[in-house]
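The lines below spell out each chain.
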2 protein chains.
Amino acid sequence: MVRDDFHERLAALDASLVGMAQTVTDMMGRASRALLTSDTDLAERVVEMDASVNAMRNRVDDQVAELMTTRPPMAGDLRFMLSAIRITGDLERMGDLSKHIAKIAIMRAPASAVPTEAMPLFTSLAEVAVRIATKATQILGTRDQLDATQLSLDDDEMDALHKRMFAQLLSDWPYGVEAAVDFTLLGRFYERYADHAVNIAHQVVYLVTGDVRLRD
Amino acid sequence: MVRDDFHERLAALDASLVGMAQTVTDMMGRASRALLTSDTDLAERVVEMDASVNAMRNRVDDQVAELMTTRPPMAGDLRFMLSAIRITGDLERMGDLSKHIAKIAIMRAPASAVPTEAMPLFTSLAEVAVRIATKATQILGTRDQLDATQLSLDDDEMDALHKRMFAQLLSDWPYGVEAAVDFTLLGRFYERYADHAVNIAHQVVYLVTGDVRLRD
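Residues numbered from 1 in each chain as written. Chains lettered and ligands numbered in written order. Predicted model: local features only at pLDDT ≥ 70, side-chain atom pairs only at ≥ 80, totals over all residues. Heavy atoms only, no water.

- If you check an unreviewed UniProt entry, chain A appears there as Phosphate-specific transport system accessory protein PhoU from Actinorhabdospora filicis.
- A UniProt comment under Subcellular location (unreviewed entry) is attached to chain A, and it reads "Cytoplasm".
- Per UniProt, chain A has the following entry under Sequence similarities (unreviewed entry): "Belongs to the PhoU family." (UniProt positions renumbered as here; feature names shortened; annotations may be inferred.)

Quick look at the structure:
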């Protein structure tokens, strides 16, 4: 009975992580829409959602701490619990970064923080960011190591977009310094968001194999 | 005997964290000097140091995993081990951010990434970043909650410098877009570095009180 209860609680922890990942994926989709359409109501919703992500993180971390005192964990369960701690850290940052994007949208409204010509680029950035986060969420549920490895390809796409952004910024930029600052920060936020999603995939590989390599 | 060995290993873990914190503090000092003097040799050293910080993180995380399987941890020890996992994450990022600063120095050399008039501002940014990291390192050693709370004041100073940076950037910026991009990213790197150091202090509060509040 104790064992069953323990594994039920592990499964609950797993579900919490997936739920948190879905929330930050949703936040990125909304933040990007808010940015591209200067929709401050939507942006404000993203800012509110961030508080609930922080609360989710605290709850998950408490779940882990509780589970660990229940009994000496076996290697596999222990790996999962340690990964959970790292994953909530990544997810919390993904929430923050979505919020930062929403806040830039709010700060510049009713104007747009994104120059019209850069709209297609930002549409791609948003599309890739949401795709990577969606895959990371699935990987959290399935623990499929192969998917986790393939996520690096999506991340390469993000890096390529990021490079294109900077090329645009440095070759011919008629929009002034304020827009350049927004552009630089926004690019950084999308890139970091994707990095965290890829970190989560790496944690799943650690879960499955016990081995983790730090990138960067 | 088992108990003594366990506590010896906890103390060793503690010492590893302090050592890692000293290294990333040192990295920030060197990266800033490299940036302000366009010293590419020094900057390259910082880039190399980052690899050893990543290795330190993996080692500390392994130490934690090993300790946790030794026996069911008591509440206080468990808090310490969970904090250690989060703290190595923060320290690893502080290493990355120092490396990013060093890489901008390398990219712009023999020119300087920092316009002459902004040198005093960057000297202050570097000074505050190193001061915050030094205090965070001390707090890791002493677990003094009061110091941890006071670190927020230093962080306010960092935020004020960061605001001054942006004011300078947006009021009168004769240096062109590339320099504005560097300036924006550098500001972000210093700010994030300080945030991570403050996170570490918050983790120490959690260690001591069992309570942690997520900022942001």
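Once you've had a look at it, read on.
1. Overview of the overall build of chain A
Argument step 1. Helix and strand counts for chain A stand at six helices and zero strands.
Argument step 2. Sequence-ordered secondary structure for chain A, helices as α and strands as β, is α-α-α-α-α-α.
Argument step 3. By the compact-globule yardstick of 17 Å for 216 residues, chain A fits well, its C-alpha radius of gyration being 19 Å.
Argument step 4. Projected onto its principal axes, the C-alpha positions of chain A cover 65 × 30 × 20 Å.
Argument step 5. Contacts spanning at least 24 positions in sequence make up 81% of the contacts within chain A whose residues lie at least 6 apart.
Argument step 6. Within the structure as shown, chain A displays about 8,800 Å² of accessible surface, and the carbon and sulfur contribution to it stands at 54%. (Helix = DSSP H or I, 4+ residues; strand = E, 2+ residues; numbered from the N terminus. Rg over C-alpha atoms; globule rule 2.2 N^0.38 Å. Contact = heavy atoms within 4.5 Å. Areas by Shrake-Rupley, 256 points an atom, 1.4 Å probe, with all protein chains shown as cover.)

2. Topic: the side chain of His196 of chain B
Residue and element names in this part refer to chain B.
Argument step 1. In this fold, His196 is placed in helix α6 (residues 176-209).
Argument step 2. The buried category is assigned to His196, whose relative accessible area is 7%.
Argument step 3. A polar side-chain atom of His196 sits 2.7 Å from a polar atom in the side chain of Asp90.
Argument step 4. Residues within four places of His196 in sequence aside, it is in contact with Asp90, Arg93, Met94 and Leu97. (Buried < 20%, exposed > 50% of the residue type's maximum accessible area, 1.4 Å probe, protein only. Polar contact = N/O pair within 3.5 Å; in protein donor to acceptor, adjacent residues only side chain to side chain.)

3. Points about helix α2 (residues 40-70) of chain B
Argument step 1. An ideal rise of 1.5 Å per residue puts 45 Å on 31 residues; α2 of chain B measures up with 46 Å between its terminal C-alpha atoms.
Argument step 2. For α2 of chain B, the N-terminal cap is Asp39 of chain B; the gap from its side-chain oxygen to the backbone nitrogen of Asp41 of chain B is 3.2 Å. (Expected span 1.5 Å × (residues − 1).)

4. Digging into the interface of chain A and chain B
Argument step 1. The interface is formed by 37 residues belonging to chain A together with 37 residues belonging to chain B.
Argument step 2. Overall, the association of chain A and chain B removes approximately 3,300 Å² of surface from exposure, summing both partners, and the carbon and sulfur fraction of that is 64%.
Argument step 3. Taken together, chain A and chain B are joined by two salt bridges.
Argument step 4. Here Arg86 of chain B ties to Asp61 of chain A by a salt bridge, and the two come within 3.2 Å at their closest N and O atoms.
Argument step 5. Applying the counting rule to chain A against chain B returns two residue pairs in polar contact (both at pLDDT 80 or more).
Argument step 6. Listed by contribution, the elements that provide at least two residues to the side of chain A that touches chain B are α2 (40-70), α3 (75-108), α5 (145-171) and α6 (176-209) of chain A. (Buried area = accessible area lost by both parts, 1.4 Å probe. Salt bridge = Lys/Arg side-chain N within 4 Å of Asp/Glu carboxyl O.)

5. Here we look at helix α4 (residues 119-142) of chain A
Residue and element names in this part refer to chain A.
Argument step 1. The terminal C-alpha atoms of α4, which comprises 24 residues, lie 34 Å apart, in line with the 34 Å expected from a rise of 1.5 Å per residue.
Argument step 2. Turning to α4, its buried residues are Leu121, Phe122, Leu125, Ala126, Val128, Ala129, Ile132, Ala133, Ala136, Thr137, Ile139 and Leu140.
Argument step 3. Of the residues one or two after α4, Arg143 is the one with positive phi, at around 55°.

6. Observations regarding the packing of α6 of chain A against helix α5 (residues 145-171) of chain B
Argument step 1. Running from N to C, α6 of chain A and α5 of chain B point in directions that differ by 135°, and their axes come no closer than 8 Å. When the axis of α6 of chain A is compared with that of α5 of chain B, the two are oblique. Judged by residue contacts, Val177, Glu178, Val181 and Leu185 of chain A of α6 of chain A engage Phe166, Leu169 and Leu170 of chain B from α5 of chain B.
Argument step 2. Of the residues contributing to the contact of α6 of chain A with α5 of chain B, the split by class is six nonpolar, no polar and one charged. (Axes fitted to C-alpha atoms, helices over the stretch in contact; angles between N-to-C directions. Parallel < 35°, antiparallel > 145°, perpendicular 65-115°, else oblique. Nonpolar A, V, L, I, M, F, W, Y, C, P; charged D, E, K, R; others polar.)

7. Here we look at the side chain of Asp77 of chain B
Argument step 1. Relative to the elements of secondary structure, Asp77 of chain B occurs in helix α3 (residues 75-108).
Argument step 2. For Asp77 of chain B, the residues in contact, after removing those within four places along its chain, are Phe6, His7, Leu10 and Arg71 of chain B.

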